[in-house]
Amino acid sequence: MKRKKSFTLIIDIFLALLMIVVAIALTMRVFGFYALPHALKIIVVGYLSLVLGLACFRFVRPNLLRRWGHNRQILFAGIVAGLVAVLFFVLVDYHIVPIRTLHTLTIQNTSETSEVSVWELVLPEGESLGLAETFDQYQYTDGRLLIPPGESITYSRDMVGGVTVKVGAMDWPAQARVVWDDFSYDLAWVEDGNAKALNLPGWSWGTPLWSYRILGFLNIAVDILSVLGLTVVATLQLFPLPQNEAKEKMEDRLNRELLFSTGVILKNLVIVVIAIFYVMFFDENLIFLMLLFAVGVLLYLYDLAHTKPDWVVRIVIVILVAGIAANGYFWIKPPHEFHRTIEYRPDNSFADFSKNVGASNSKYLSIGFYEYLRESAVVISEPIYNELRLEVGMFSSLNRFKDFTFQDYSYQLSDSQVDFLLSLGDWMTWPTRIGDGNLYLLPEISTPGDTYYFFSHGQNYFLISLDFIENSGVMNVLLAD
Amino acid sequence: MFFLLIELYLLGLVITKYFAGKLPDFFLAVSSILIGYLIYFLNGFIFVLVGIPLRSIWVVLLVSIELIGVLLHQVLTKRFITSVTRSLWLHYLGVAAVYFGVLLFFYFNNFAFGTTDSVFLVVMARNLIESGLSKWYFSSPWAMGLFIPFIQTIGLLFGLEYTWFIQPVFMAIFIAMFVFLTERSVRHFIPSKTLRWLLVGLVTVLYLSSDLVFIMTTYIHTNFDSGLFFFLAIASLYFGIKEDQPAWFFFVPAYLIGFGALRTENVIAALILILIYIGSQKVAKPIQRRMFMPYLIFQFGFYLRIFFLSPDTFSDQLSGTQILMVLAGIAAVMALLYLSEVKILKSFVLPRLWWLVPAGLLVVVAGLGVSNFPHLFNNVMVNIKAFFITGNWGAVWWVVLALVATLSFPHPFSQKQELTGLIVSFFIMIVLLGMLRHPYHQNWYDSANRMLTHIAPVVLFYLVTQTAAVNEAVR
């Protein structure tokens, strides 16, 4: 009994680990492991492990458990798996998934007399490298980089994926050698110099950082282990089930529990298959994938809650904790710098508050003098308009201006004018958003709905009514009719 | 200013004291704060209605008169001492200590968060002080409610340039009330104290740890406070029916008045709530009328008054026609309160109102969608994205979705049907409102996204209660 329990445990651990390994391999091969944000890597691997693991435990485990005591079958399966794995990696053109690494491309003109030209170098992102900017010390014809005989160019960059290079010859015969990391390709032109396109693979090792080196080895390891493990399992399935073992003896509690979840396990397998097909043949749309996986998880939760209603509170607590953890993650890695914009404001003024709420300059200025600007007419010079960064439409709409006019007038005040104006009374001030200046308006000489002219003095701006300008005797300002 | 705030709290205290012994002490103590602010708002609204300028002296004077009046009434009716227990006094004192602690902390440490709307709300407050209801500049009651502008006047009347320290108080009240009331609702379903508090604590932390809700702690705006008042109105109604204790029903119109005064579209959600509960027939007719009519009368008067404004501001959204439609809707609901005894209504319509209301809203949405499908489609997609990705809700709605999937059980709990109808109607209402304005956009500050804070506490309350109900059914 104890040995049977040990066997069961070994099978369980083997299947669990195998499915995690297969999940990682799938994520790497199909779901763009390196392009996924870290949190999504965990989610995708976790979901796949769960789905594949449950499927395995439901459909494969009962069969494997019946192999207890049939060591020859297990040994044979192991040998077959080894052979298949060897054959697989020999026959199949196996490569790792491209990792982020320092790739080096060298194009060497090995001709004696002919010039070789580089027409285009397309990077993994699909964009063409600007040859003229990158290799500015070379000659160009029609945008093509010329490599004299015996010379070479080298391009090195940290990237994920391969490049496509188009190389031609200016005259022929010509030869060139393209070296991409540890691989070299010889090109020859005999009858014409037409460009030859070479797709250089992203899976070449290059010079990766140690972290990516580990991921590269992990890729190989999970691929090998997946092939081995799946082959062992598949081979064992081929053997007929032992007839003398009563089925009931091998049914354990886990098998009985999983029987009720057959439907939801199958549905989630279908979701995984749909996801694989979608990514491979249509699009790598992350949002669609996440929605698919979310549907799968919801199906599980529904099934679990309804087959085990006494677990509902525990399930809810786990869901809440997962939600809080996710919110915590967003605090550490916010999609927007959002909550950190609650800042201490030492200045309790309304102007300070208004300045920092993200309102446009037109709104901000309007807030300062809304009483006077409402249904007024405004005359402004272009330089002041540009300095204050206003927008006519918004400014007019906010204040329901009767009129808004650009005019060319002497808008700059002298020191003596400013001194005089400031001596007239208590000016309303509103800090500008540009520099340290203020906007000024004097209630004593202003009436709501007046016509206001903008004047400037350094970084300060004055709103002065037309009435005052015309009658004060001090504002010697030439205004247009 | 702090004298006024103390007075307002005391006024709230003496009013809530009428319900001592009938309602939980904690609820009464925390409600005192909100009742005080509501009275301040109502006083101010009456002032501007009759043309009395809003000045600090008049405001303080009126509150003092009201406080003395209520105290006198309690003394003369011998309720002042006899109705109150030591526990209640301790609760009042404890809540007061925390309330003024929060207030003072944020008064001396300004963490106010704002957007342009916040600034417009402050300007509205200034307009109220400068010219009552007659002159508006950037925003008016045709765009935003008046509750927050009146709250802003508290600081303005006493020499401050705006009021940055009261919004955190609303957040503190929400936390206290949400935890208290949610725990109360699951109490008899889950005997284990640890499990109850764990469940309630986790759901509260989930909600508050969302970026959007966190920012509401100091965000000068109307949405979170709408969610607070709406939740409290619903919870008061819920417990009044569940515990068969009519004392809860006093707070329903009080909180609905606050809710209705916060935002112009809140009246729709309030009417939906009232309709569904009229349909439930779980409250005796006379009590139902006494409960809902004060709010309906207030809301009718409010809309009638603003109908005669001609604000012409930048952000006006309502039109005269829309206001008339709202008035008609309020009048219709008032009429229904009296016509609910009519046989055909009572036997056929009312029992089905909990699904007829959302179905009716859906028909309206479909009708509007037929004439402008791209607008409808865009709004729905934007809303869905806001729930899960762009709205800065974090994992909240993902968790809600998971809980809905997990908890789709038939196990009933008190007023499950009514709450279901209300929640579904609210989401349909968001889509409906979107058909009446320019399209929603994907930013977190889009109004549809912010409106989710009105219903989120109710949704979480519902889900936690359902969890507890399932737990009890399988025990």
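Residues numbered from 1 in each chain as written. Chains lettered and ligands numbered in written order. Predicted model: local features only at pLDDT ≥ 70, side-chain atom pairs only at ≥ 80, totals over all residues. Heavy atoms only, no water.

Asks: Help me out: how do you make sense of the overall build of chain B in this one?
Replies: Scanning chain B for helices and strands turns up 20 helices and zero strands. The C-alpha radius of gyration computed for chain B amounts to 22 Å, which stays within 12% of the reference 23 Å derived for 475 residues, consistent with globular compactness. Its C-alpha atoms put chain B at 55 × 55 × 50 Å along the principal axes. A total of 475 residues make up chain B; the buried ones form 63% of that total. Across chain B, every contact between residues at least 6 apart in sequence was considered, and the portion connecting residues at least 24 apart equals 81%. Accessible surface, chain B as shown: approximately 16700 Å² in total, 72% of it carbon and sulfur. (Helix = DSSP H or I, 4+ residues; strand = E, 2+ residues; numbered from the N terminus. Rg over C-alpha atoms; globule rule 2.2 N^0.38 Å. Buried < 20%, exposed > 50% of the residue type's maximum accessible area, 1.4 Å probe, protein only. Contact = heavy atoms within 4.5 Å. Areas by Shrake-Rupley, 256 points an atom, 1.4 Å probe, with all protein chains shown as cover.)

Asks: Looking at this structure, I do not really get the packing of helix 11 (residues 312–332) of chain A against helix 20 (residues 447–474) of chain B. What am I missing?
Replies: A packed helix pair is summarised by two numbers, namely the angle formed by the two axes and the spacing between the axes. Contact pair helix 11 of chain A / helix 20 of chain B: the axes reach a minimum separation of 9 Å and the direction vectors enclose 155 degrees. In terms of their interaxial angle, helix 11 of chain A and helix 20 of chain B are classed as roughly antiparallel. Contact residues: A:Val312, A:Val313 and A:Val316 in helix 11 of chain A; B:Thr467, B:Val470 and B:Asn471 in helix 20 of chain B. When its residues are assigned to classes, the contact of helix 11 of chain A with helix 20 of chain B shows four nonpolar, two polar and no charged. (Axes fitted to C-alpha atoms, helices over the stretch in contact; angles between N-to-C directions. Parallel < 35°, antiparallel > 145°, perpendicular 65-115°, else oblique. Nonpolar A, V, L, I, M, F, W, Y, C, P; charged D, E, K, R; others polar.)

Asks: What should I look at first to understand unusual backbone geometry in this one?
Replies: Excluding glycine, a negative phi dihedral is what most residues carry, and trans is how most peptide bonds are arranged. Put simply, A:Trp172 and A:Pro173 share a cis peptide bond, and its omega is 5 degrees. One can find A:Pro173 in the loop between strand 6 (163–169) and strand 7 (174–180). Residues other than glycine seldom take positive phi values, yet A:Arg400 does so here, at roughly 55 degrees. With respect to the helices and strands, the residue A:Arg400 is situated in the loop between helix 16 (392–399) and strand 11 (403–406). For A:Arg400, a relative accessible area of 23% puts it in the partly exposed group. With a phi angle near 55 degrees, B:Asp244 is a residue other than glycine that sits in the positive phi range. Note on placement: B:Asp244 falls in the loop between helix 10 (223–242) and helix 11 (251–262).

Asks: Please explain a nonpolar patch on the surface as it appears in this structure.
Replies: Residues and elements named next belong to chain B. On the surface, a cluster of nonpolar side chains totalling about 750 Å² of accessible area is made up of Ile 46, Leu 49, Val 50, Ile 52, Ile 57, Trp 58, Leu 61 and Ile 65. Within the residue set of the nonpolar patch, elements represented by two or more residues are helix 2 (25–50) and helix 3 (56–76). Within the secondary structure layout, Ile 46 lies in helix 2. (Patch = residues over 30% accessible without salt bridge, like charges linked within 9 Å, V, L, I, M, F, W, Y side chains within 5 Å. Salt bridge = Lys/Arg side-chain N within 4 Å of Asp/Glu carboxyl O.)

Asks: What is the right way to look at empty space enclosed by the protein in this model?
Replies: Think of a ball as big as a water molecule: rolled over the atoms, this probe shows where empty space is left. Tallying each qualifying case throughout the model produces two cavities of 30 Å³ or more. Its boundaries defined by the atoms lining it, the largest cavity holds a volume of some 90 Å³. Lining the largest cavity we find A:Asn361, A:Tyr364, A:Leu365, A:Glu387, A:Leu388, A:Arg389, A:Leu390, A:Thr432, A:Arg433, A:Ile434 and A:Leu439. For the lining of the largest cavity, the elements supplying multiple residues, two or more each, are helix 13 (361–368) and helix 15 (382–388) of chain A. If one sorts the elements of the lining of the largest cavity by residue count, helix 13 of chain A sits on top with three residues. Looking at the lining of the largest cavity residue by residue, the classes come out as six nonpolar, two polar and three charged. One number sums up the size of the second largest cavity: a volume of about 60 Å³. Secondary structure elements with two or more residues in the lining of the second largest cavity: helix 6 (147–156) and helix 7 (167–186) of chain B. The dominant element in the lining of the second largest cavity, judged by the number of residues it contributes, is helix 6 of chain B, at three residues. Class assignment for the residues of the lining of the second largest cavity results in five nonpolar, four polar and one charged. (1 Å grid on protein atoms, 1.4 Å probe; cavity = no way out; pocket = protein on both sides within 12 Å on 5 of 7 lines; lining within 4 Å. Points joined across faces, edges and corners; volume = space filled by probe spheres on them.)

Asks: Even after reading the chapter, I still don't get the interface of chain B and chain A, so can you show me in this structure?
Replies: By a widely used convention, the size of an interface equals the accessible area lost when the partners come together. Taken together, the 63 residues of chain B in the interface contact 52 residues of chain A. Across the chain B/chain A interface, buried area totals approximately 5200 Å², and carbon plus sulfur atoms make up 72% of it. Applying the counting rule to chain B against chain A returns two salt bridges. Among the ionic pairs, B:Asp312 bridges to A:Arg400, the shortest N-O distance being 3.0 Å. In this assembly, chain B and chain A are joined by 14 residue pairs in polar contact (both at pLDDT 80 or more). Of all the secondary-structure elements, those providing two or more residues to the side of chain B that touches chain A are helix 5 (116–131), helix 8 (193–208), helix 9 (211–215), helix 18 (396–406) and helix 20 of chain B. In terms of residue count, helix 5 of chain B provides more of the side of chain B that touches chain A than any other element does, nine residues in total. Among the residues making up the side of chain B that touches chain A, the classes are represented as 41 nonpolar, 17 polar and five charged. (Buried area = accessible area lost by both parts, 1.4 Å probe. Polar contact = N/O pair within 3.5 Å; in protein donor to acceptor, adjacent residues only side chain to side chain.)

Asks: What is the right way to read the environment of A:Ile276 from this model?
Replies: One can find A:Ile276 in helix 9 (residues 262–281). A sequence separation of 55 residues divides A:Ile276 from A:Trp331, and the C-alpha atoms of the two residues are 32 Å apart.

Asks: Would you take a moment to explain the sheet that holds strand 15 (residues 460–465) of chain A for this structure?
Replies: Backbone hydrogen bonds are what pair the strands of a sheet, in a parallel or an antiparallel way. Residues and elements named next belong to chain A. If you walk across this open sheet you meet the six strands as 11-10-14-15-13-12, and the pairing is mixed. The open sheet has two edge strands with one neighbour each: strand 11 and strand 12 (428–431). The average angle at which neighbouring strand axes cross in this sheet is 20 degrees, direction not considered. Lying on the sheet, helix 13 is in contact with strand 12, strand 13 (438–441) and strand 14 (451–457); it crosses strand 12 at an angle near 155 degrees. (Pairing = 2+ DSSP bridges.)

Asks: For this particular structure, what's the right way to read the pattern of salt bridges?
Replies: A side chain of one charge can pair with a side chain of the opposite charge if their charged atoms are brought near each other. This structure, assessed with the given rule, holds 17 salt bridges over all chains. Here A:Arg177 ties to A:Asp186 by a salt bridge, and the two come within 2.8 Å at their closest N and O atoms. Under the relative-accessibility criterion, A:Arg177 is labelled partly exposed at 33%. The shortest N-O distance in the salt bridge between B:Glu341 and B:Lys346 comes to 3.6 Å. Classification of B:Glu341 as partly exposed rests on a relative accessible area of 43%. Taking relative accessible area as the criterion, B:Lys346 reaches 37% and is therefore assigned partly exposed.

Asks: Just to check I follow, could you spell out the packing of aromatic side chains for this structure?
Replies: In this description, a pair of aromatic rings is defined by centroid distance and the angle of the planes. All names here are of chain A. Per the stated rule, a full pass over the model turns up 91 aromatic pairs over all chains. Between Phe 183 and Trp 203, the aromatic rings sit 5.5 Å apart at their centres with planes inclined by 85 degrees, giving edge-to-face as the arrangement. Of this pair, Phe 183 sits in strand 8 (residues 183–189) while Trp 203 sits in the loop between strand 9 (196–200) and helix 6 (210–238), and the two are 20 residues apart along the sequence. Look at Phe 183 and you get partly exposed, because its relative accessible area is 32%. Its relative accessible area of 27% is what places Trp 203 among the partly exposed residues. For Arg 144, the ring lying beneath its charged end belongs to Trp 119, and the centroid distance is 3.6 Å. Seen from the ring of Trp 311, Lys 308 lies directly overhead, with NZ or CZ sitting 5.1 Å from the centre. (Phe/Tyr/Trp six-rings, centres within 6.5 Å; stacked < 30°, edge-to-face > 60°. Lys NZ or Arg CZ within 6 Å of the ring centre and 35° of its normal.)

Asks: Quick question: what am I supposed to make of the packing of helix 2 of chain B against helix 4 (residues 86–108) of chain B here?
Replies: Residue and element names in this part refer to chain B. As a packed pair, helix 2 and helix 4 sit with axes 8 Å apart at the nearest point and diverge in direction by 45 degrees. As far as their axial angle goes, helix 4 and helix 2 are oblique. Between helix 2 and helix 4 lies a crossing of right-handed hand. Together, Asp 25, Phe 26, Leu 28, Ala 29, Val 30, Ser 32, Ile 33 and Tyr 37 of helix 2 and Ser 87, Leu 88, His 91, Tyr 92, Val 95, Tyr 99 and Leu 103 of helix 4 make up the contact between the two elements. A class-by-class count of the residues in the contact of helix 2 with helix 4 yields eleven nonpolar, three polar and one charged. (Left-handed = near helix turned anticlockwise from the far one by under 90°.)

Asks: Can you help me understand helix 16 (residues 353–371) of chain B in this one?
Replies: Given 3.6 residues per helical turn, the α-helix brings residues three or four places apart onto the same face. Residues and elements named next belong to chain B. In a regular helix each residue adds 1.5 Å, so 19 residues correspond to 27 Å; helix 16 covers 27 Å between its end C-alpha atoms and thus fits that length. For helix 16, the set of buried residues is Leu 353, Val 357, Pro 358, Leu 361, Val 365 and Gly 369. Buried residues in helix 16, looked at end-on, bunch into an arc of 160 degrees, giving them a common side. In helix 16, the exposed positions that point more than 90 degrees away from the buried face belong to Val 363, Val 370 and Ser 371. Contacts made by the buried residues of helix 16 are with helix 12 (266–280), helix 14 (320–339), helix 15 (343–349), helix 17 (373–390) and helix 19 (416–435). (Expected span 1.5 Å × (residues − 1). Arc of directions from axis to C-beta.)

None of the figures reported here should be taken as evidence of function without further support.
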